[in-house]
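Close look at the chain arrangement
One-letter residues, chain by chain:
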There are 2 protein chains.
Amino acid sequence: MTQDSKSGTSRRAFLRGTLAAGTAVAGAGMARAAGPDPLITEVQPWAQGLGDGVDATPYGLPIEFESDVIRRNVPWLTADPISSINFTPIHALDGTITPQGCAFERHHSGAIELAKPDYRLMVNGLVEKPLVFTYADLERFPRENHVYFCECAANTGMEWAGAQLNGAQFTHGMIHNMEYTGVSLRTLLEEAGADLSGDKWVYVEGADASSNGRSIPMEKALDDVLVAFKANGEALRKEHGYPVRLVVPGWEGNMWVKWLRRIEVMDGPVESREETSKYTDVMEDGSARKWTWVMDAKSVVTSPSPQSPITHGAGPLVITGLAWSGHGRITRVDVSKDGGMTWETARLAREGENKALTRFYLDTEWDGSEMLLQSRAMDETGYVQPTKAQLREVRGLNSVYHNNCIQTWHVKENGEAENVEVS
Amino acid sequence: MTQDSKSGTSRRAFLRGTLAAGTAVAGAGMARAAGPDPLITEVQPWAQGLGDGVDATPYGLPIEFESDVIRRNVPWLTADPISSINFTPIHALDGTITPQGCAFERHHSGAIELAKPDYRLMVNGLVEKPLVFTYADLERFPRENHVYFCECAANTGMEWAGAQLNGAQFTHGMIHNMEYTGVSLRTLLEEAGADLSGDKWVYVEGADASSNGRSIPMEKALDDVLVAFKANGEALRKEHGYPVRLVVPGWEGNMWVKWLRRIEVMDGPVESREETSKYTDVMEDGSARKWTWVMDAKSVVTSPSPQSPITHGAGPLVITGLAWSGHGRITRVDVSKDGGMTWETARLAREGENKALTRFYLDTEWDGSEMLLQSRAMDETGYVQPTKAQLREVRGLNSVYHNNCIQTWHVKENGEAENVEVS
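Residues numbered from 1 in each chain as written. Chains lettered and ligands numbered in written order. Predicted model: local features only at pLDDT ≥ 70, side-chain atom pairs only at ≥ 80, totals over all residues. Heavy atoms only, no water.

**Description of the overall build of chain A**
A tally of helices and strands in chain A yields 8 helices and 23 strands. Here chain A has a C-alpha radius of gyration of 24 Å; the compact-globule value for 423 residues is 22 Å, and the two agree. The C-alpha extent of chain A, read off along each of the three principal axes, is 80 × 60 × 50 Å. In chain A, buried positions account for 62% of the 423 residues. Accessible area for chain A stands at about 14,700 Å²; split by element, carbon and sulfur atoms hold 50% of it. (Helix = DSSP H or I, 4+ residues; strand = E, 2+ residues; numbered from the N terminus. Rg over C-alpha atoms; globule rule 2.2 N^0.38 Å. Buried < 20%, exposed > 50% of the residue type's maximum accessible area, 1.4 Å probe, protein only. Areas by Shrake-Rupley, 256 points an atom, 1.4 Å probe, with all protein chains shown as cover.)

Have a look at this one:
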């Protein structure tokens, strides 16, 4: 046994100036009178009586004090909430798992209700035997579990021309990260005797009125795509495609077809609405770049940020955020306090996982002066997250999708933060 | 690109007898008429109109069809639900993460409501400087993220004398597995200048009326104990100790003190109610074994099981379950179909994680005859989960806690399963 700190750094300096010894401390900007703290010296109401019994909430919800940690819509973004998006409250979360209840959702014709007994999944096209599976059939194939992030290609899409939305939830919240359980798409294609040649494509289609459909090249279909029915251990939520959705690791969320009803093996791509007029990248000259499926390495500081200001004065400050890459593992995240002039390497909470969110921390001392906070992700391929200027140099200003640029928060002396642009 | 199955085994045999090609299949015991399946050939109601918009549920809940996947109480277990327990629906979950909403809870005086501004954590006793932290203070220390299981020492405690409760939820559901975020206890002890000598103890105490308190030897306190404020990314739920609980990896759940209010560094253990009259193991001769903190390696088949019967006939069957060990990683799980006479090694969904749930699968062919299903876990220390007979040989029949014996489900020809004893 050793008395040395695991981190190798003494944090005893924390005490000086921020914590008072032997009495209640003045934390979190609360002014408190000197003398005994009644929250310690008096028996409080919650210690004088009984709380809720175990049958109070058979399926629990967050405590009322956390009622602001919810998905939020931006009403002006779309004409109607039926074909719209809401955002994960990433500014208020920590760790890497996203609870299903606050994981962003995106629909093209609303979240439908499809009961398991009514569910059918067809595999057709270039197959020896067209097949139809019930939900119960799917449960009889070997299952896999993997944690993956799902990011909408439009995440950060409002920010191309300049700083727009004041909060990490709104600029970067079209992302979630869950443990999926399902059957590999490869297994179902093999079951149907599909033509698995490298020049073939798979068209996947949802059961909702929008019939959201996307073409996937056979190589990806055989690699790591899952036909999933659980997320974070339990059934998918209605808004995430109950009872069955596709999971296309590292690739744009629109391809993760919900309420999956059909898988057609084809000679080529369909070039559907969702892969032509939408989800393609319009360049400076008006031409469009398509088949930009992979979500490149990206990161964002989630706290401090506009919705998560610093509520204490100078002294110890934890800067934290998320990083991810559709190409594999995050290997390093750097943080800048001066808008990218100097960088410090952040601590990864755990080793980066393949195509999953990675939490980073920078444990620092804040001197109370303003900061231009940025983070910059690197992945195992050596890719480095670009600045806005670098991205614009290649793509111009006409794009909506695949904006993975470095984000800047202007943190003021009073601890408040604002979305600004440092190109 | 290869056309070989990743698993190395062709699953094409699946087709024969269970799936009909080119038309809807008779799955999950549903009898259906021959001919076109209207669920495919007719446009269904959910494809004729719009579903819910994205503002329907700012914090979502499971779909109504999953309303049976909830925590359940066993009313006769305790006199009152205030000092009681409910059980995780492990029979219906997959993967390893437990959603907070259905993670078991155990209270001694009910689940209290304690708002963050009212929260205080005192560190006192053998320390240079007694300290009091607010919630906001805790957020300024370096944070860690880890996935750990939490198991009540009484899990499976009803089963000592024979098969009692008919369902994995009730026999083994006092367990959950979440990604915790918090500050290491070591950090706070160092901050207070605590005496960290190996012969010292730490007494941890909750803020509820029961003042649930436990003594922890210093070596464990300095090893991996967390003062946690988030689980699965979001705030702890009320029933899991909001805003702050202790996480004592691999050790019995009762030590994971909720609504943590005090950490006292002491010369010896307190020998509180919860570590003398409760949570000690009464042996055959009436003497009690105490300080049995670690939860030994254990496993259970979650499906098929009494609450998760086989709903299809003979043919491909996925047998799945959970394994865990308080000593570290699960390295292997074996499954027996004949009550322990012969064993097959199951597939681990992912490599075993330190003190976390591990999901196992046995992808098999069921011949339709009855089975006596068992699972047997092994951990990285070489420990092998014992049979009931082996456990009773050492401990007798007077125990309540720490029953980690091999469980048997009798699966009948009709697919139903029952809790039975094969010692």
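**Describing the relation of the copies chain B and chain A**
In the superposition of chain B on chain A (RMSD 0.0 Å, axial shift 0.0 Å), the rotation amounts to 180°. As the rotation angle and translation indicate, the two copies are arranged about a two-fold axis. Minimal C-alpha separation from the rotation axis in chain B is found for Pro99(B), amounting to 3.6 Å. Interface residue correspondence from chain B to chain A reaches 100%, placing this contact among same-surface, isologous pairings. (Least-squares fit on C-alpha atoms with pLDDT ≥ 70 in both. Contact = heavy atoms within 4.5 Å.)

**Observations concerning the packing of aromatic side chains**
Residue and element names in this part refer to chain A. This structure, assessed with the given rule, holds 22 aromatic pairs over all chains. Relative to phenylalanine 229, the ring of tyrosine 135 lies with its centre 5.5 Å away and its plane at 70°, an arrangement referred to as edge-to-face. Taken together, the residues span a long stretch of sequence, with tyrosine 135 in helix 4 (residues 135–138) and phenylalanine 229 in strand 9 (residues 226–231) at a distance of 94 residues. What makes tyrosine 135 buried here is its relative accessible area of 4%. (Phe/Tyr/Trp six-rings, centres within 6.5 Å; stacked < 30°, edge-to-face > 60°.)

**Comments concerning the interface of chain B and chain A**
Across the contact, 131 residues belong to chain B and 131 residues belong to chain A. Of the roughly 11,400 Å² buried where chain B meets chain A, counting both sides, 58% is carbon and sulfur surface. Counting the contacts that link chain B with chain A gives 10 salt bridges. A salt bridge links Glu179(A) to Arg350(B); its shortest N-O distance comes to 2.6 Å. Taken together, chain B and chain A are joined by 48 residue pairs in polar contact (both at pLDDT 80 or more). (Buried area = accessible area lost by both parts, 1.4 Å probe. Salt bridge = Lys/Arg side-chain N within 4 Å of Asp/Glu carboxyl O. Polar contact = N/O pair within 3.5 Å; in protein donor to acceptor, adjacent residues only side chain to side chain.)

**Overview of helix 8 (residues 388–395) of chain A**
Residue and element names in this part refer to chain A. Residues Lys388, Leu391, Arg392 and Arg395 constitute the buried set of helix 8. Down the axis of helix 8, the buried side of the element spans an arc of 100°, and every buried residue falls inside it. Within helix 8, the exposed residues directed more than 90 degrees away from the buried face are Glu393 and Val394. In the core, the buried residues of helix 8 are packed alongside strand 13 (281–282) and strand 14 (288–289). Looking one or two residues beyond helix 8, the residue adopting positive phi is glycine 396, at roughly 75°. (Arc of directions from axis to C-beta.)

**Thoughts on the UniProt feature "domain: Oxidoreductase molybdopterin-binding" (unreviewed entry) in chain A**
Annotation from UniProt places "domain: Oxidoreductase molybdopterin-binding" (unreviewed entry) at residues 115–271 of chain A. Across residues 115–271 of chain A, helical content stands at 14% and strand content at 36%; the span's end C-alpha atoms are separated by 30 Å. (UniProt positions renumbered as here; feature names shortened; annotations may be inferred.)

**Thoughts on the sheet that holds strand 23 (residues 417–420) of chain A**
All names here are of chain A. One open sheet holds the 5 strands; their spatial order is 18-17-21-22-23, and the pairing between them is antiparallel. Either end of the sheet is taken by a strand with one partner, and the two such strands are strand 18 (344–345) and strand 23. Pairing geometry for strand 22 (residues 408–411) and strand 23, over 4 bridges, is antiparallel. Its bridge partner being in strand 23, valine 411 is matched across the sheet by alanine 417. (Pairing = 2+ DSSP bridges.)

**Here we look at the domain arrangement of chain A**
Residues and elements named next belong to chain A. Partitioning chain A into domains gives domain 1 (72–163 + 174–288) and domain 2 (298–420). The straight-line distance from the C-alpha centre of domain 1 to that of domain 2 is 27 Å. Of the roughly 3,200 Å² buried where domain 1 meets domain 2, counting both sides, 52% is carbon and sulfur surface. At the boundary of domain 1 with domain 2, the tally comes to 4 salt bridges. For lysine 355, the salt bridge is made with aspartate 224, and the minimal N-O distance between the two is 2.9 Å. Taken together, domain 1 and domain 2 are joined by 24 residue pairs in polar contact (both at pLDDT 80 or more). Those elements that provide at least two residues to the side of domain 1 that touches domain 2 are strand 5 (143–151), strand 6 (175–184), helix 7 (218–223) and strand 13. (Domains from an automatic or database assignment.)

**Digging into the side chain of Glu205(B)**
All names here are of chain B. Inspection of the secondary structure assignment puts glutamate 205 in strand 7 (residues 201–206). The exposure class of glutamate 205 is buried, given its relative accessible area of 11%. The contact partners of glutamate 205, leaving out residues within four places of it in the chain, are Ser211, Asn212, Gly213, Val257, Trp259, Leu260, Arg261 and Arg262.

**Some thoughts on a nonpolar patch on the surface**
On the surface, Trp76(A), Met158(A) and Val400(A) cluster together into a nonpolar patch covering about 300 Å² of accessible area. By relative accessible area, Trp76(A) is classed as exposed at 56%. (Patch = residues over 30% accessible without salt bridge, like charges linked within 9 Å, V, L, I, M, F, W, Y side chains within 5 Å.)

**A few points about the side chain of Thr408(A)**
Residue and element names in this part refer to chain A. As for its placement among the helices and strands, threonine 408 is situated in strand 22. By relative accessible area, threonine 408 is classed as buried at 1%. Side chain to side chain, threonine 408 and glutamine 374 meet in a polar contact 2.8 Å long.

**A look at the confidence of the model for chain A**
Taken as a whole, chain A shows an average pLDDT of 92; of its residues, 92% reach a score of 70 or greater. Contacts of residues 1–32 of chain A to residues separated by more than four positions or lying in other chains number 73 contacts, the stretch itself having pLDDT below 50. (pLDDT = per-residue confidence, 0-100.)

**A few points about unusual backbone geometry**
Of note, the amide linkage connecting Ser303(A) to Pro304(A) takes the cis form, showing an omega dihedral of 0°. Relative to the helices and strands, Pro304(A) resides in the loop between strand 15 (298–303) and strand 16 (315–324).

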